[in-house]
Amino acid sequence: MNDFTLIIPTHNRHHYLKRSIEYFKDLNAEVIYCDSSQVKYEGIVPTNIKYLHLPDKKFSEKILYAISLVNTSKIALCADDDFILHESL
């Protein structure tokens, strides 16, 4: 597994979340979605992905919480509606 973690914040956009999870499910790295929506995402979450349901958290709070869980030397941040090319990571 690559020595980086991809953090993806989201809020009230489960349709983007589902699409993003599908895209990053085969990434050879840890992926963390931090979701501040009131309603928890109920879709399938692959084993390389952590889904954090953090309702009522502000953007900075959910990012800092996700960072506190990282065990890799590098972190990348990506929006839930963007798709970083796997090779560029």
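## Describing the nonpolar core
Moving on, step 1. One finds L6, I8, F24, L27, V31 and Y33 to be the most contacted residues of the largest nonpolar core, which totals 15 residues.
Moving on, step 2. Listed by contribution, the elements that provide at least two residues to this core are strand 1 (4-10), helix 1 (14-24), strand 2 (30-35) and strand 3 (49-53).
Moving on, step 3. If near-sequence neighbours (up to four positions away) are discounted, V31 is found in contact with L6, I8, F24, N48, I49 and K50.
Moving on, step 4. Judged by nonpolar contacts, the second largest core, of eight residues, contains I7, I32, I63 and V70.

## Structural notes on the packing of aromatic side chains
Moving on, step 1. One pass over the structure, following the stated rule, counts two aromatic pairs.
Moving on, step 2. Here the aromatic rings of Y23 and F24 are separated by 4.8 Å at their centres, their planes lie at 85°, and the arrangement is edge-to-face.
Moving on, step 3. Residue F24 is classed as buried on the basis of its relative accessible area of 0%.
Moving on, step 4. Note on Y41 and Y51: the rings are 6.0 Å apart at their centroids and 55° apart in plane angle, and the pair reads as tilted. Taken together, the residues span a long stretch of sequence, with Y41 in the loop between strand 2 and strand 3 and Y51 in strand 3 at a distance of 10 residues.
Moving on, step 5. Looking at Y41, the relative accessible area reads 11%, which means it is buried.
Moving on, step 6. Accessibility expressed as a relative area gives 16% for Y51, which makes it buried.

## Comments concerning helix 1
Moving on, step 1. Those residues of helix 1 not exposed but buried are L17, S20, I21 and F24. Looking straight down helix 1, one finds that the buried residues subtend no more than 100° of arc, so they occupy a single side. Along helix 1, the residues that are exposed and aim more than 90 degrees away from the buried face are H15 and K18.
Moving on, step 2. Of the surrounding secondary structure, the elements contacted by the buried residues of helix 1 are strand 1, strand 2 and strand 3.

## Considering the pairing of strand 1
Moving on, step 1. Counting buried residues in strand 1 gives seven out of seven residues, a clear majority hidden from the surface.
Moving on, step 2. Residues of strand 1 alternate between two faces, with F4, L6, I8 and T10 on one and T5, I7 and P9 on the opposite face, all of them buried.
Moving on, step 3. As defined by bridge partners, strand 1 adjoins strand 4 (residues 74-77) across four bridges and the pair is classed as parallel. Bridged to F4 within strand 4 is K74.

## Observations concerning the sheet that holds strand 4
Moving on, step 1. Read across the open sheet, the four strands follow the order 3-2-1-4; overall the sheet is parallel. Each edge of the sheet is formed by a strand with only one pairing partner; in this case those strands are strand 3 and strand 4. In this sheet, neighbouring strand axes are inclined to one another by 20° on average, regardless of whether the strands run parallel or antiparallel.
Moving on, step 2. Running at roughly 175° to strand 2, helix 1 makes contact with strand 1, strand 2 and strand 3 of the sheet.
Moving on, step 3. Here helix 2 (residues 59-68) sits on the sheet and contacts strand 1, strand 2, strand 3 and strand 4; the angle it forms with strand 1, its principal contact strand, is near 155°.

Rules used in this analysis
- Counting starts from 1 at the beginning of each chain's written sequence and moves along it residue by residue.
- Restriction of local features to residues with pLDDT of at least 70 applies here, the model being predicted, together with a cutoff of 80 or more for giving and counting side-chain atom pairs; totals for whole chains, interfaces and linings are based on all residues.
- Hydrogens are left out, water is left out, and the side-chain values use all remaining heavy atoms of the structure.
- Among the buried residues, those of types Ala, Val, Leu, Ile, Met, Phe, Trp, Tyr and Cys that are joined through side-chain atoms within 4.5 Å form a nonpolar core.
- Accessible area is worked out with a 1.4 Å probe on protein chains only. A residue is then buried under 20% of its type maximum, exposed over 50%, and partly exposed in between.
- The helix and strand labels rest on DSSP assignments: H or I over at least four residues marks a helix, E over at least two residues marks a strand, and numbering proceeds from the N terminus.
- Residues count as neighbours in contact if any of their non-hydrogen atoms are within 4.5 Å of one another.
- In summary, the pairing rule links any two rings of Phe, Tyr or Trp, Trp by its six-membered ring, whose centres are within 6.5 Å, and it sorts them by plane angle into stacked for under 30 degrees, edge-to-face for over 60 and tilted for everything else.
- Each direction from the helix axis to a C-beta atom contributes to the arc, which is the arc of those directions.
- Any two strands with at least two DSSP-identified bridges between them are counted as paired.
- A fitted line through C-alpha atoms serves as each axis, taken over the contacting stretch for helices, and the angle formed by two N-to-C directions is quoted from 0 to 180°.

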